[in-house]
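Secondary and tertiary structure notes
Letter by letter, the chains look like this.
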Amino acid sequence: MFYEAEQSPLNFSEDEKRKYLFLKQMNTLNSFRERNAISKEQYDISYNGLVSKMGITDEELKEWL
């Protein structure tokens, strides 16, 4: 599954940039998983690390994904 991260981040607010970067990373992570370049375990570790390091809240996840 791919998420919208196609817009250019020029002139984005800080919140919009954060969302853009998160969705872009998710697209990359999902494409790795879909091509079996990483295992489910590696995906889960990377996903949880991304969410944690970026400070993404449960509310943001629900809204963005």
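For the structure itself, look to the data block above.
A brief structural summary.

Rules used throughout
Residues numbered from 1 in each chain as written. Predicted model: local features only at pLDDT ≥ 70, side-chain atom pairs only at ≥ 80, totals over all residues. Heavy atoms only, no water. Phe/Tyr/Trp six-rings, centres within 6.5 Å; stacked < 30°, edge-to-face > 60°. Helix = DSSP H or I, 4+ residues; strand = E, 2+ residues; numbered from the N terminus. Buried < 20%, exposed > 50% of the residue type's maximum accessible area, 1.4 Å probe, protein only.

Points about the packing of aromatic side chains
In this structure the tally under the stated criterion is three aromatic pairs. Where Phe22 meets Trp64, the ring centres are 5.7 Å apart and the plane angle is 45°; that geometry is what we call tilted. With Phe22 in helix H1 (residues 14–34) and Trp64 in helix H3 (residues 58–64), the pair connects residues that are 42 residues apart, well separated along the chain. Residue Phe22 shares its accessibility class with Trp64, and that shared class is buried. Judged by centre distance (6.3 Å) and plane angle (5°), the ring pair of Tyr43 and Tyr47 falls under stacked. Remark: Tyr47 and Tyr43 occur in helix H2 (residues 40–54); sequence separation between them is four residues, near one turn of the helix.

From the geometry alone we can't say anything about function, so treat these as descriptive.
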